[in-house]
Amino acid sequence: MARLIDLSQEIYTGMMVYPGHLKTVVFDHAHHWETAPRFEGGFSFQTKGLMINDNGPTHVDSFSHLDPDPQALTIDQMALDLFYGPAICLDVSQSAPHTDINADDLDEALKRSGQDLAAGHILLLYTATFDRHQDTREYLSEFPGLGESGSEWIVEQGIKAFGVDSPTPDNPTSRSYPCHMMCRRHGITHYENLANLAEVVNRSFTFVGFPLRIRGGHGGPTRAVALLDED
C-alpha cells in the first residue's frame, strides 16, 4: 500500500497568491437554514462560493500561460500524462533568497539525494519557502529561483514537468524569468505553490497532479499528491 501525501496548499480567503493575480475569496453561498424550507423530511444543504485565479493556489501552468502563440495549448488541451508519473524531490533549501539555483546546485542536490533521475520523470524542488513563510508576505518574495543554467539542466535531464513550493520557479528579483522562458521554448510545464515537500524530499514516489479542466484555462488549480511506497 502506498502512503498518500498531500502536496497542495489549502484554498482560503487571504491566502498568498502571486502579485497581480486575482485574490482568492471563499464565501458562504447557501446555508442549511435557508435551504431547509424548500424540502420535506429534514433535508437541507449548504455550499461555498469561490473566486480564484487559474494560476492562484497550488496549480500547474498551461502552455498558453507561458507562450503568446495563439496555438499554445490551454490547460484543457494538454495531455493528462504530463500530470502523472514517477518523481523525485531534491533539496535546494540551502539556497539563499534572491539567488539563482544553478546547474551545479542541482547536480549536488541529486547526488546528495541518492535517487535516480531519468528522462520522463517529474522533478520537485524543496526550497522550504512554504515551510518558512506560509501565510506571510515574505512568502511572495523571500526565496531563490532557477537561473539560466539551472533551467537548462531541467531540459538536459529530459524532465517532463517540475514543481516548486514557492510562487514561481524563477528568482523573484529577475526581470527576465529565464525558467519560464525555458518552459516556453521547450514545452515544459511546472507546478507552483506546492506544500509539504519536506515529507518527500530525497525520496522517489509517484506524483499525481491533475488540474481542473477549465475550458481555455491558462493554468489549473490542482490537488497534488505523492504516492509514497512504504518501506
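See the structure shown above.
Residues numbered from 1 in each chain as written. Predicted model: local features only at pLDDT ≥ 70, side-chain atom pairs only at ≥ 80, totals over all residues. Heavy atoms only, no water.

Some thoughts on the overall build of the chain
Scanning the chain from N- to C-terminus turns up 6 helices and 13 strands. Against the compact-globule benchmark of 17 Å for 231 residues, the chain has a radius of gyration of 19 Å, which places it among compact chains. For the chain, the C-alpha atoms occupy an extent of roughly 65 × 45 × 35 Å along the three principal directions. Per-residue burial over the chain gives 48% buried out of 231 residues. In the chain, of all internal contacts separated by at least 6 residues, the share reaching a separation of at least 24 is 74%. Approximately 11600 Å² of the chain is accessible, and the part contributed by carbon and sulfur atoms is 51%. (Helix = DSSP H or I, 4+ residues; strand = E, 2+ residues; numbered from the N terminus. Rg over C-alpha atoms; globule rule 2.2 N^0.38 Å. Buried < 20%, exposed > 50% of the residue type's maximum accessible area, 1.4 Å probe, protein only. Contact = heavy atoms within 4.5 Å. Areas by Shrake-Rupley, 256 points an atom, 1.4 Å probe, with all protein chains shown as cover.)

Structural notes on the pattern of salt bridges
Considering all chains together, one arrives at 4 salt bridges under this definition. The shortest N-O distance in the salt bridge between Arg223 and Asp6 comes to 2.8 Å. One end of the pair, Arg223, is in the loop between strand S12 (219–221) and strand S13 (225–229); the other, Asp6, is in strand S1 (residues 2–6), and 217 residues separate them in sequence. Between Asp28 and Lys48 there is a salt bridge, and its shortest N-O distance comes to 2.5 Å. In this pair, Asp28 sits in strand S2 (residues 25–30) while Lys48 sits in strand S3 (residues 47–51), placing the two residues 20 residues apart along the sequence. By relative accessible area, which is 47% here, Asp28 ends up partly exposed. (Salt bridge = Lys/Arg side-chain N within 4 Å of Asp/Glu carboxyl O.)

Re the packing of aromatic side chains
Applying the stated criterion to the full structure yields 5 aromatic pairs. For the ring pair Tyr84 and Phe210, a centre distance of 6.3 Å and an interplane angle of 5 degrees mean the geometry is stacked. Highlighted residues: Tyr84 in strand S5 (residues 84–91) and Phe210 in the loop between strand S11 (204–208) and S12, separated in sequence by 126 residues. Residue classification places Phe210 among the partly exposed residues on the basis of a relative accessible area of 38%. (Phe/Tyr/Trp six-rings, centres within 6.5 Å; stacked < 30°, edge-to-face > 60°.)

What to know about the packing of helix H3 (residues 103–113) against helix H5 (residues 148–157)
To characterise two packed helices, one gives the angle between the axes of the helices and the distance between these axes. At a closest axis distance of 7 Å, the pairing of H3 and H5 adopts a crossing angle of 55 degrees. Here H3 lies oblique to H5, going by the angle between them. Here H3 contributes Ala103, Leu106, Asp107 and Leu110 to the contact with H5, which in turn contributes Ser149, Gly150 and Trp153. For the contact of H3 with H5, the class distribution of residues is 4 nonpolar, 2 polar and 1 charged. (Axes fitted to C-alpha atoms, helices over the stretch in contact; angles between N-to-C directions. Parallel < 35°, antiparallel > 145°, perpendicular 65-115°, else oblique. Nonpolar A, V, L, I, M, F, W, Y, C, P; charged D, E, K, R; others polar.)

Let's talk about the sheet that holds strand S7 (residues 122–126)
Whether parallel or antiparallel, the strands of a sheet pair through hydrogen bonds between backbone atoms. Spatially, S1-S13-S11-S5-S7-S9-S10-S4-S12 is the arrangement adopted by the 9 strands of the open sheet, whose pairing is mixed. Two strands in the sheet have a free side with no partner beyond their single neighbour: S1 and S12. For this sheet the average axis-to-axis angle between neighbouring strands, irrespective of direction, equals 25 degrees. In the sheet, S1 pairs with S13 via 5 bridges, with the strands oriented antiparallel. Counted as the bridge partner of Arg3 is Leu228 from S13. Its contacts with the sheet place H3 against S5 and S7, and it is angled at close to 100 degrees to S5. (Pairing = 2+ DSSP bridges.)

Focus: H5
Those residues of H5 not exposed but buried are Gly150, Ser151, Trp153 and Ile154. Around the axis of H5, the buried residues are gathered within 150 degrees of arc, so they sit on the same side. Across H5 from its buried face, at more than 90 degrees, point the exposed residues Glu148 and Glu156. One or two positions beyond H5, positive phi appears at Gly158, with a value near 75 degrees. (Arc of directions from axis to C-beta.)

Digging into the pairing of S7
The element S7 is largely enclosed, with a buried count of 5 among its 5 residues. By the bridge criterion, 5 bridges tie S5 to S7 in an arrangement that is parallel. When the bridges of S7 are listed, Asp91 appears paired with Tyr126. The pairing of S7 with strand S9 (residues 161–164) spans 4 bridges and is parallel. Residue Leu124 lies in a different strand from S9, and its bridge partner there is Gly163.

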